[in-house]
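# Structural features, examined
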Amino acid sequence: MKAIKQLLLENKAWSESKLQLDQDYFKNMAKDQSPEYLWIGCSDSRVPESEITNSDPGQMFVHRNIANLVVHTDLNLLSVVQYAVEGLKVKHVIVCGHYNCGGIRAAMSNSSMGLLDNWVRNIKDTYALHEKTFSQISSESERVNKLVELSVLEQVKNLTHTSIIQKAWKDLNAPILHGWVYDLNTGLLKNLVTVAPGSNIDTPYRYQL
Ligand code: CO
């Protein structure tokens, strides 16, 4: 593990290495940002979005929370989505889960963790929705990974239920929504779903805009 002082030293070395390749690297970077992607991922330290997609600073606008949830009362997430879509006009929104996610595992257990219970509760709702599917899977790790995938699909659906996305689809014909899952064992991403602007939205969630 790196000592905290080491982080600052590493930062200095990194900044110098960038300048060695391009004297104007930070000068240009500081001007503005126009990322093409909004990444909604898990806070897990093993899933660093820029690194696993080989992206540079400036390419990805990012929101991360425990188990990459899209919760309709989360002002933090909604503000990020609104600014990314309406301000930065990102072309793609990626919800990325990962197998063996601690948040998902917590949702499948019956132990209480205090405040966290309320956050994880959103995942429990997805679990309850598919309880029959889970009763047919005997392996615990397979059940966890199934819920990881089903939860990503649910979060993508939750995005389509926001007036932000519906308005953007109408006005800008963008963004395209993607549901991905990352495998910690292989370092590979898998596409679960792609939802294009204008796709069907469940009736109760459809706004007249
Ligand atoms: Co996780």
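Look up: the structure comes first, before these words.
Here's a quick rundown of the structure. (Residues numbered from 1 in each chain as written. Predicted model: local features only at pLDDT ≥ 70, side-chain atom pairs only at ≥ 80, totals over all residues. Heavy atoms only, no water.)

## Some words on the coordination of the cobalt ion
For the cobalt ion, the protein coordination sphere consists of Cys42 (SG), His98 (NE2) and Cys101 (SG), at 2.1 to 2.3 Å. Read in sequence order, the donor residues for the cobalt ion give the motif C-x55-H-x2-C. In this pair, Cys42 is assigned in strand E1 (residues 37-42) and Cys101 in the loop between strand E3 (92-98) and helix H5 (102-108), connecting sequence segments 59 residues apart. (Donors = N, O, S within 2.8 Å, 3.2 Å for Na, K, Ca; no water. Helix = DSSP H or I, 4+ residues; strand = E, 2+ residues; numbered from the N terminus.)

## Observations regarding unusual backbone geometry
Going from Ala174 to Pro175, the amide bond is cis rather than trans, its omega being 0°. Located in the positive-phi region is Lys89, a residue other than glycine, with phi close to 55°. By the element assignment, Lys89 lies in the loop between helix H4 (75-87) and E3. In this structure Lys89 comes out as partly exposed when scored by relative accessible area, which is 48%. With a phi close to 60°, Asn100 is a non-glycine residue in the positive phi region. Within the element layout of this structure, Asn100 appears in the loop between E3 and H5. On the accessibility criterion, Asn100 (37% relative accessible area) is partly exposed. (Buried < 20%, exposed > 50% of the residue type's maximum accessible area, 1.4 Å probe, protein only.)

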